[in-house]
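Spelled out from the first residue to the last, the chains are:
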Amino acid sequence: MLNKFLATGIAAAALVGVAGTAHAGKDLDAIKARGSLTCGVPTGVAGFGLADSQGKWVGLNVDVCRAVAATIIGDAEKVKYVPLTAQQRFTALQSGEVDMLSNNTTETLTRDTALGFDFGAVTYYDGQGFMVNKKLGVKSAKELNGATVCVQPGTTTELNLADYFRANKMTFKPVVIEKVEEVRAAFFSGRCDVYTNDSSALYSTRVANVPSGQSPNDYIVLPEIISKEPLAPVMRHGDNQFVDIVRWTQYAMIEAEEYGITSKNVDEMAKSDNPVIKRILGVTPGMGKALGVDEKWVYNVVKQVGNYGESFERNVGKDSILKIDRGLNNLWTKGGLQYAPPIR
Amino acid sequence: MTDVLPVGERRQLAPPVDDSGVLGWIRKNLFSSWGNGITTVVLIFAVGWILAGFLDWAVLTANFTAASGSECRGYGACWALIREKYRYIFFGSFPYEQHWRPLFAVIAMLAMLVLSADRRMWNWRLLVIWGVGSFVTFLLMFGQIHIPLSLMLTVALILGGAGMSLRKLIAGAGEMNAYRALAAIGLAGLALRIAGVLPGWSLAIAPLDYVETSLWGGIPVTIILATYGLAFAFPYGVLLALGRRSNLPLIKGLCVGFIELIRGVPLISLLIMASVMLPLFLPSGTTIDKFLRAQVAVILFAGAYIAEVIRGGLQSLPKGQFEAADAMGLNYMQKTLLIILPQALRVVIPPLINTFIGFFKDTSLVLIIGIFDFLNTANQALVDPNWAGFPGEVYLFAAFVYFVFCYSMSRYSKYLEVELNKGTHR
């Protein structure tokens, strides 16, 4: 009897879950009617999404929310931030509590399909990296043969580490510690030569957790990235126009960087004779209409949020305390992966 | 007696050791024997050493004025971090220029709590205090309150109905008619509203900008969750405890089932159910405010625990009390309200306050579901890369604030015990 009851309950839950994913394509209309974008952000990740001393949300992921609001509403401040933990984020999106997630979520096939989501363009190419003490004099992960490596157990991090060393015919001594604080402490106290984690986490660890008496500059993050963690915004299936807008807003920020349009010079750039820039900034109309937003959408985004490079450097790059190298996140013209299809 | 000394040879006795005054007290309590003396000296040195180290870190070499975390390195405690972040830690993401609103909301809630701690207020005044206090608090926090017509009608119906049934025997004709009229207005209005005759009108009190609950944070969130969690859980817990002792099998079964179910799972799982599972069961597009969901979860959970504490009090009463009340011809309501509960609650004050203190701190578990209570905003202050790396200072600060609240609660419990047990003192 009880079992039957339970089974019915689970079936009902599954049905409702499915119904929740098949959403009517009204997200964009709802945002416009509300006059604000509801954006799921992480509950505090340095550089990517956190509340500053005045309680204002800042970060690379937060800038995506702001840019989308600038595109749709014309005002980057019209965002309602909903901080979500890793467990909550997908149900919050499925149930319609938020319009989109910009939440350090890695894009994978199952999330894109089985969970009923669509991903935007990649905000940040993250991946597993290595951090070492400068005193070791190591410049590349290929020189780490025989090193002791601090790593957390049971994560893909641990598996990637073993694969990488095996593939490069090197040996290592793992120091496996469950708690992240203790791993860091072990590394900074010199118990291991190398600490491995997602590179964005390595950079923030370097700044935030270095013990007093040492400086963040005593440590370097090696250039090799051994796993793929593309972080991208997430939207529900169902409103393709909204998904398009999010993706093209991100592309527009990359295009703006490529053509040298910044928040400072955007007004002069609008007077440019270059037909591409004229098209991007809506001086030659058409793009906004095609996307279903205001013709000055890119102008608004760049003016209020900045281009991708500005956003990157301000939040995580050289203008921030994290000092993350552009690396994979550089423009394709400069050896990185950030490549936007043309706006035409 | 037998030890009689020869005349003229009085033995000189040493004067008795002086055990009065400060020196005497020290001698008696700290240096009464060699062993005690050594222990005292060792402990004084140990405490002095630890205290000196702490003072050196917390005061002498501490940095109070640094402009960023990197300037703080190399010093003792970085209190500049608290100086930079205290407004965020206290009020979270509430719009910065409007921080006076949560500040006054907290003051309103504390005033409400302090006033209701006074025994002289334990009558109709309590309702007024809580009504006004809650209204001010939520008006300040939300900025705007919309009271829908149907809610007003429901309240009228409940008030009228409660008045009619509770004051049936004692109220005069005029008062009774007032209750009847109130209930009738409520009932008729609701019926018309459901039928669609009355419009969905609502009373808007909107002096300030609206601030949604996702922006609330810090100390007001902790106090609201704890205060209203316990304020609703207490009567609910009393009902559950009474229900558990009921003779009616259905009521008893429901109460036992609820209490055991809720007590059998951790609060975290209840919070996660409320925040992750519940939205999946609702039709898409409808969302219940996350803060409200957490608040309800806290109420349900605290209710189950309070019920068990109160049941302990009920069971401690001798059977004669129940029988005497029955013999007096009191009905169930009168017996419970006038004889049983006053005695039972007095017995359980220490465990009850213990539960309250526990729940005040347990509210910080809402950080699991991304609500920014006081502890979570303190955590957030640590994430800021410009100021990261000083967890000790932030957690000490948070611990200090929690201690102030919990210690005042425990002092109040002491006062209540004395106050309510005056009758039994000899």
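Quick notes on the rules
Residues numbered from 1 in each chain as written. Chains lettered and ligands numbered in written order. Predicted model: local features only at pLDDT ≥ 70, side-chain atom pairs only at ≥ 80, totals over all residues. Heavy atoms only, no water. pLDDT = per-residue confidence, 0-100. Salt bridge = Lys/Arg side-chain N within 4 Å of Asp/Glu carboxyl O. Helix = DSSP H or I, 4+ residues; strand = E, 2+ residues; numbered from the N terminus. Buried < 20%, exposed > 50% of the residue type's maximum accessible area, 1.4 Å probe, protein only. Domains from an automatic or database assignment. Contact = heavy atoms within 4.5 Å. Buried area = accessible area lost by both parts, 1.4 Å probe. Disulfide = S-S within 2.5 Å. Pairing = 2+ DSSP bridges. Axes fitted to C-alpha atoms, helices over the stretch in contact; angles between N-to-C directions. Parallel < 35°, antiparallel > 145°, perpendicular 65-115°, else oblique. Left-handed = near helix turned anticlockwise from the far one by under 90°. Nonpolar A, V, L, I, M, F, W, Y, C, P; charged D, E, K, R; others polar. Polar contact = N/O pair within 3.5 Å; in protein donor to acceptor, adjacent residues only side chain to side chain. Patch = residues over 30% accessible without salt bridge, like charges linked within 9 Å, V, L, I, M, F, W, Y side chains within 5 Å. Areas by Shrake-Rupley, 256 points an atom, 1.4 Å probe, with all protein chains shown as cover. Expected span 1.5 Å × (residues − 1). Core = buried A, V, L, I, M, F, W, Y, C linked by side-chain atoms within 4.5 Å.

### Structural notes on the confidence of the model for chain B
Argument step 1. Averaged over all residues, the pLDDT of chain B is 85; the fraction at 70 or higher stands at 96%.
Argument step 2. Two numbers describe this predicted complex: its pTM, 0.79, and its ipTM, 0.74.

### Comments concerning the pattern of salt bridges
Argument step 1. This structure, assessed with the given rule, holds 20 salt bridges over all chains.
Argument step 2. We note a salt bridge from aspartate 99 of chain A to arginine 34 of chain A, for which the minimum N-O separation is 2.9 Å. Pair noted here: aspartate 99 of chain A is in the loop between helix 4 (89-94) and strand 5 (100-101) and arginine 34 of chain A is in helix 2 (residues 27-34), with a separation of 65 residues, a long-range link.
Argument step 3. For aspartate 99 of chain A, a relative accessible area of 3% gives the class buried.
Argument step 4. Glutamate 308 of chain B is the partner of arginine 244 of chain B in a salt bridge, and the nearest nitrogen-oxygen pair spans 2.7 Å. Linking arginine 244 of chain B in helix 9 (residues 219-244) with glutamate 308 of chain B in helix 12 (residues 290-316), this pair joins segments that are 64 residues apart in sequence. Across this residue pair, the class does not change: arginine 244 of chain B and glutamate 308 of chain B are buried.

### Quick look at the domain arrangement of chain A
Residue and element names in this part refer to chain A.
Argument step 1. Assigned domains within chain A: domain 1 (23-125 + 231-334) and domain 2 (128-227).
Argument step 2. Distance from the C-alpha centre of domain 1 to the C-alpha centre of domain 2: 31 Å.
Argument step 3. The partner domain 2 presents seven residues to the nine residues of domain 1 that form the contact.
Argument step 4. Summed over both sides, the interface of domain 1 with domain 2 buries roughly 580 Å², with 72% coming from carbon and sulfur.

### Quick word on the state of the cysteines
Disulfides are covalent bonds that link the sulfur atoms of two cysteine residues.
All names here are of chain A.
Argument step 1. The full count for this structure, using the stated rule, is two disulfides over all chains.
Argument step 2. Linked covalently through their sulfurs, cysteine 39 and cysteine 65 form a disulfide whose S-S length is 2.0 Å. An S-S torsion of about -65 degrees defines the bridge between cysteine 39 and cysteine 65 as left-handed. On the criterion of sequence distance, the pair formed by cysteine 39 in strand 1 (residues 37-42) and cysteine 65 in helix 3 (residues 60-72) is long-range, its members being 26 residues apart. Here cysteine 39 matches cysteine 65 in class, with each residue buried.
Argument step 3. Taken in sequence order, the bonded cysteines of chain A link in the pattern 1-2, 3-4.

### Observations concerning the sheet that holds strand 12 (residues 219-221) of chain A
Picture the strands of a sheet paired through backbone hydrogen bonds; they go either parallel or antiparallel.
Residues and elements named next belong to chain A.
Argument step 1. Taken in spatial order, the five strands line up as 10-9-11-8-12 in an open sheet, and their pairing is mixed. On the outer flanks of this sheet lie strand 10 (172-176) and strand 12, each paired with one strand and no other. Ignoring strand direction, the axes of neighbouring strands in this sheet form an average angle of 30 degrees.
Argument step 2. Here three bridges tie strand 8 (residues 128-133) to strand 12, and the two strands are oriented antiparallel to one another. Bridging from a neighbouring strand, methionine 131 pairs with valine 221 of strand 12.
Argument step 3. Strand contacts of helix 6 (residues 156-167): strand 8, strand 9 (147-151), strand 10 and strand 11 (194-198), with the helix running at about 75 degrees to strand 8, the strand carrying the most contacts.
Argument step 4. Of the strands in this sheet, strand 8, strand 11 and strand 12 touch helix 8 (residues 199-208), which is tilted by about 125 degrees from strand 11.

### What about the packing of helix 4 (residues 79-91) of chain B against helix 17 (residues 391-420) of chain B?
Residue and element names in this part refer to chain B.
Argument step 1. Put simply, helix 4 and helix 17 touch, their axes get as near as 10 Å, and they point 50 degrees apart. When the interaxial angle is binned, helix 4 and helix 17 end up oblique. Read as a crossing pair, helix 4 and helix 17 show a hand that is right-handed. Note on element contacts: helix 17 touches helix 4 through Glu393, Val394, Leu396, Phe397 and Val401, opposite Trp79, Leu81, Ile82, Ile89 and Phe90.
Argument step 2. For the contact of helix 4 with helix 17, the per-class residue count stands at nine nonpolar, no polar and one charged.

### A word on the side chain of threonine 377 of chain B
All names here are of chain B.
Argument step 1. On the secondary structure map, threonine 377 appears in helix 16 (residues 374-383).
Argument step 2. The exposure class of threonine 377 is buried, given its relative accessible area of 0%.
Argument step 3. One polar contact links the side chain of threonine 377 to the main-chain carbonyl oxygen of phenylalanine 374, over a distance of 2.8 Å.
Argument step 4. Ignoring any residue separated from it by four or fewer positions in sequence, one finds threonine 377 in contact with Tyr88, Ile89, Gly92, Gly217, Gly218 and Phe372.

### Quick word on a nonpolar patch on the surface
All names here are of chain B.
Argument step 1. A surface patch of nonpolar side chains, about 460 Å² in accessible area, is lined by Phe54, Leu55, Val59, Leu60 and Leu396.
Argument step 2. Among the elements that line the nonpolar patch, the one with the most residues is helix 2 (residues 34-60), at four residues.
Argument step 3. Inspection of the secondary structure puts leucine 60 in helix 2.
Argument step 4. The exposure class assigned to leucine 60 is exposed, which follows from its relative accessible area of 65%.

### A few points about the interface of chain A and chain B
Argument step 1. In this complex, chain A contributes 35 residues to the contact, which on the side of chain B involves 32 residues.
Argument step 2. Interface area lost by chain A to chain B is led by Ser53, Gln88 and Ser95 of chain A, which between them contribute 19%.
Argument step 3. Applying the counting rule to chain A against chain B returns one salt bridge.
Argument step 4. Where arginine 293 of chain B meets glutamate 97 of chain A, a salt bridge forms, and the shortest distance between an N and an O atom there is 3.3 Å.

### Focus on helix 9 (residues 240-258) of chain A
Argument step 1. With 19 residues, helix 9 of chain A should cover 27 Å at 1.5 Å per step; its first-to-last C-alpha distance of 26 Å lies within 8% of that length.
Argument step 2. Glycine 260 of chain A sits one or two positions beyond helix 9 of chain A and adopts a positive phi of about 75 degrees.

### Description of helix 15 (residues 349-362) of chain B
Argument step 1. With 14 residues, helix 15 of chain B ought to run about 20 Å at 1.5 Å a step, and its terminal C-alpha atoms sit 19 Å apart, in line with that.
Argument step 2. Among all positions in helix 15 of chain B, only Ile349, Leu352, Ile353, Thr355, Phe356, Ile357, Phe359 and Phe360 of chain B are buried.

### Focus on the nonpolar core
Where a protein is soluble and globular, its nonpolar side chains tend to be buried together.
All names here are of chain B.
Argument step 1. By size, the foremost hydrophobic cluster in this structure holds 87 residues, and its most contacted members are Trp216, Ile219, Leu314 and Phe374.
Argument step 2. Counting residues per element, this core draws most heavily on helix 9, at 13 residues.
Argument step 3. Residues contacting phenylalanine 374, with those up to four places away along its chain left out, are Ile89, Phe90, Gly218, Ile219, Thr222, Phe397, Ala398, Val401 and Tyr402.

### Topic: the sheet that holds strand 1 of chain A
Residues and elements named next belong to chain A.
Argument step 1. Ordered in space as 4-1-5-14-6, the five strands form an open sheet in which the pairing is mixed. In this open sheet, the two strands that pair with only one neighbour each are strand 4 (79-84) and strand 6 (117-119).
Argument step 2. For strand 1 and strand 4, the ladder comprises six bridges, and the chain directions are parallel. The residue of strand 4 that forms the bridge with valine 41 is proline 83.
Argument step 3. Running over the sheet, helix 9 touches strand 1, strand 5, strand 6 and strand 14 (234-236) and is turned about 170 degrees from strand 14.

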